[in-house]
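Understanding the architecture of this molecule
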Amino acid sequence: MSTHRPKQSHLQLKSLFDLLYVRLCRFAGLLITNPAIAEDIVQKVFINYEQEDDDFPAIKTYLYKEVLNACNQHTAAVKTAVIKAEVGGEINRAIAALPEGCSKVFKLSYVEELKNEEIAAEMAMPVSWVKTQKVRALELLHWRLKPETFLVLNFFLSIAE
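Presented here is an overview of the structure given in this document. (Residues numbered from 1 in each chain as written. Predicted model: local features only at pLDDT ≥ 70, side-chain atom pairs only at ≥ 80, totals over all residues. Heavy atoms only, no water.)

Right, let's get into the overall build of the protein. Within the protein, the regular secondary structure consists of 7 helices and 0 strands. Expected size for 161 residues packed as a compact globule is a radius of gyration near 15 Å; at 26 Å, the protein overshoots this value by more than 25%. Projecting the C-alpha coordinates of the protein onto the three principal axes gives extents of approximately 75 × 30 × 25 Å. Here the protein holds 161 residues, and the buried ones make up 29% of them. Here the contacts in the protein between residues at least 6 apart in sequence split such that 63% fall between residues at least 24 apart. Here the protein has roughly 10,800 Å² of accessible surface; of this, 59% comes from carbon and sulfur atoms. If you average the places of the 19 positive and of the 20 negative side-chain charges in the protein, the two averages end up 5 Å apart. (Helix = DSSP H or I, 4+ residues; strand = E, 2+ residues; numbered from the N terminus. Rg over C-alpha atoms; globule rule 2.2 N^0.38 Å. Buried < 20%, exposed > 50% of the residue type's maximum accessible area, 1.4 Å probe, protein only. Contact = heavy atoms within 4.5 Å. Areas by Shrake-Rupley, 256 points an atom, 1.4 Å probe, with all protein chains shown as cover. Lys, Arg positive; Asp, Glu negative; His and termini not counted. Charge placed at Lys NZ, Arg CZ, Asp CG, Glu CD.)

Written out as structure tokens, the structure reads:
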């Protein structure tokens, strides 16, 4: 016995779409506050369903679960973006509040990824001064940032090196 279903006809899919689309959009709308995004999610679920070869005896349940999963993925992505924006904003504010030399050296080193020698040449300062400013900047950021934010900053700095 095959586990694959024959491709549904266009008419069968349209009937299923007509029957469940509005309901699934309302369901998605309860999970996602933006109606346009909720509709996009439901449409993508229907497109994915049409492309599936597996047999789904409980089509309605399957579609609701897929909409729920897609909404959860969307919400997680939005939360991640907000966290990145907030953490990035907090880090940028702290860097901007550093003394001028520390701030400039930090940006040249970690944002523009210049080597200490290149920074020293650009700023017409000794390399030892550049190194001191980098250490000073990190110490000040350590005290100005929340511990978890400083950990995030340290993580990104460590993978940038």
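There's more to say after this.
Throughout the structure, instances matching the rule amount to 0 disulfides. Of all cysteine sulfurs in the structure, the one in Cys71 sits closest to Cys25, which takes part in no disulfide; the separation is 9.7 Å. For Cys25, a relative accessible area of 13% puts it in the buried group. (Disulfide = S-S within 2.5 Å.)

With that settled, consider the side chain of Ser109. Along the chain, Ser109 turns up in helix α4 (residues 100–111). If we ignore the near neighbours within four places in the chain, the residues touching Ser109 are Leu114, Ile119 and Lys134.

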